[in-house]
Amino acid sequence: LAVVVFRDRGDWRVRATSLGGSLGTTMMALLLAIVSGMVGPLACVDQPNGLRTMLGEDAVVCWNDEFGSDHQGMVALSIGACLMPFAFFTVATLAVLRLPAKLRNGDTEFLRMYSFLFKRFRVDCHWYVLAFLAKSVVLALVPVLPGVSLQFCTMAVVVLSTLCFNSRLAPWRIKEANDLDTFLGAGFLMVLLSGALLVEGIDGTRLGIFAVVVIALGIVGILSMVVLSAHLRFLRRGKPYQFFICHHKVAAGNFARLLKIHLLEHRKVHRNVFVDSDDLRDLNALFTYIKDDLETLVVLCTKDVLQRPWCLGEVTTAFLNKIRVLRVTLPDFTPLDDAAIIAVGQNRSTSDIRLLAEHGMSMAMVQDALTWLRTVSNIDMPSLVSNESILALADELVLKGMIPDMGVQSSKVNSVVSLVHSRIRFILADQSNMEASCTACIVQKLLTPLLIADQREGMVLQIWKPPSVLPASARQVVVVCTNGLFERLSVVELLIAAGEVQADLIPIVSESTFRFPTPAFYTELREVITKATGGSQIGGMLKVEVLVGIVQGLFREIATEVNPQDQELVLRIRIQALASRLVTTHKAQQLP
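Residues numbered from 1 in each chain as written. Predicted model: local features only at pLDDT ≥ 70, side-chain atom pairs only at ≥ 80, totals over all residues. Heavy atoms only, no water.

*Asks:* If you had to explain the pattern of salt bridges to someone new, which residues and values would you point to?
*Replies:* Pairing of side chains with opposite charge becomes possible as their charged atoms draw close. Applying the stated criterion to the full structure yields 11 salt bridges. The residue Asp278 makes a salt bridge to Arg257 at a minimum N-O spacing of 2.6 Å. Highlighted residues: Asp278 in helix α12 (residues 276-279) and Arg257 in helix α11 (residues 249-265), separated in sequence by 21 residues. Among the salt bridges present, the one from Arg374 reaches Asp338, with a minimum N-O distance of 3.1 Å. Of this pair, Arg374 sits in the loop between α17 (363-373) and β8 (378-380) while Asp338 is found in helix α15 (residues 338-346), placing the two residues 36 residues apart along the sequence. Put simply, Arg257, Lys260, Asp278 and Asp279 are held in one network by salt bridges that share partners. (Salt bridge = Lys/Arg side-chain N within 4 Å of Asp/Glu carboxyl O. Helix = DSSP H or I, 4+ residues; strand = E, 2+ residues; numbered from the N terminus.)

*Asks:* Requested: an account of the side chain of Ser136, with residues and values cited.
*Replies:* Topologically, Ser136 is positioned in helix α7 (residues 128-141). For Ser136, the contacting residues outside a window of four places in its chain are Leu31 and Leu32. (Contact = heavy atoms within 4.5 Å.)

*Asks:* So what's going on with the packing of aromatic side chains? Which residues, and what values?
*Replies:* In total, this model carries 18 aromatic pairs according to the counting rule given. On the numbers, 5.6 Å between centres and 65° between planes, the contact of Phe121 with Tyr128 is edge-to-face. A residue is classified by how much of its surface remains accessible, and Tyr128, at 4% relative accessible area, is buried. With 6.0 Å between their ring centres and 75° between their planes, Phe486 and Phe555 make a pair best called edge-to-face. Pair noted here: Phe486 is in the loop between β12 (476-481) and α21 (489-500) and Phe555 is in the loop between α23 (543-554) and β16 (560-561), with a separation of 69 residues, a long-range link. Taken individually, Phe486 and Phe555 each receive the classification buried, so the pair is uniform in this respect. Among the aromatic residues, those joined into a ring-pair cluster are Phe121, Trp127, Tyr128, Phe132, Phe165 and Trp172. (Phe/Tyr/Trp six-rings, centres within 6.5 Å; stacked < 30°, edge-to-face > 60°. Buried < 20%, exposed > 50% of the residue type's maximum accessible area, 1.4 Å probe, protein only.)

*Asks:* Help me get a handle on the sheet that holds strand β1 (residues 44-46), residues and values and all.
*Replies:* One open sheet accounts for 3 strands, arranged β1-β2-β3; its pairing is antiparallel. With one partner strand each, in any of the chains shown, β1 and β3 (57-61) form the two edges of the open sheet. Within the sheet, the average angular offset between the axes of one strand and its neighbour, ignoring direction, is 50°. Of the pairings in the sheet, the one linking strand β2 (residues 52-54) to β3 comprises 2 bridges and is antiparallel in character. Looking at β3, one finds that Thr53 is bridged to Val61. (Pairing = 2+ DSSP bridges. Axes fitted to C-alpha atoms, helices over the stretch in contact; angles between N-to-C directions.)

Structure below.
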């Protein structure tokens, strides 16, 4: 407050985000104490003379005008003061409801403002903050309840409910925080039950009524679970996931993300698409998703996909439960023959065999599933990936997923190259690396809606495809940094062209293993490029030295991390940050 008043001259907008966060953090920390103090006048205890007095204030008689109106005035003040925590709880509820939309739009200002609510909990459990606040409020109101037995029972129900939620959801971001919350809750419950044994004068009638209610609720809960299970197993019309993308993360993790984006936008996809980075909560339940919640399994066939035990288990589970399966064959996949299927069974490690056996799958079942996999519909993908080719793939998958299984049917998606506009932003990626190409497509897909204003001015966002050249009007180049990128001669030529037209180079890193330049890196780069270019020169300088200078300048900028295998919400936040950077750089270019 002092900073706003004295340094910012009362301009609250300058510090609105940090001020709101500070006030929110204070309320989160002190909510229990604040509510307890405010409802104090409502907590009254019986005295031997038949009167009721305030808890801790025996001189204040409750609800009796003969002893003055002090209590009534305190109650009125208490009710008025309770509007503050009620308003805080309302604001928190609205923030929870608005969070998914804000994340989709990449509203980082909103996230900073309300980080005190969400930063402690996992993204998919962001709503748990309301349960956390409600627990504090209910515990603060316990002294107001009539009768010790009701107070004990209420506290026990609240603590036990919290334990159940915590053990089922693990909502805290840090595992140790979940463990600590469970330990403290269990300890508090033990203390509470031990204290209940020492309380005298418990009303047996009330306790009996409470016991009957608890037993009735237990019976209703059991019956409800039976009905719900029967509905999910036999009566549900549609399964939650229309598609499940089975893939090897290293070889096709980015491809799976791009495919999910296009499938969810398809007009005939009305349910979710499962990708483990977004939807998997419990690894042990992975095969259950396929068995009970899935319509169509899409297997991205890459070189090592069938070397992964989880991928083998997914295919086998689909085979055993007669789930529709579609194959998408990428260029590096080796076709399955009898020898390859036999080798899959012979070359498995003991840990892989044990993992599959724990879920009821033998190697004979796996080999039968792979033999069957050869007979399902197949779609061949080209080596050159684009948003247009993935859109065509999504159309094929939806079409094949809607018609009855007709056995082996093969189709092919053709490469599509977009036209080059005269004034554009480029995305530069290693086109020989399919995962890098997919990253470029994802960046283009998610960035485009965020740059509408610049597109009206002709700043079209486009992926560079060899052998096209960089137009002289290009102003920005987003460089998708992956290992081996700067050793590609076509990339070298484009980076040099970008330097000649003075286009801004903006680096993003999409590989966790990306090797940032070191002196040894530049030595190797000089050797590779000199050998490729034959020592050619530009403006009196060796081309390799020009490139080294460009790369050194590129990494003087802070690279934005854009990993498509992160959760979708995290990915969209990082894309929003990249969009802000592009817009800011573009405006700086327009300054005289």
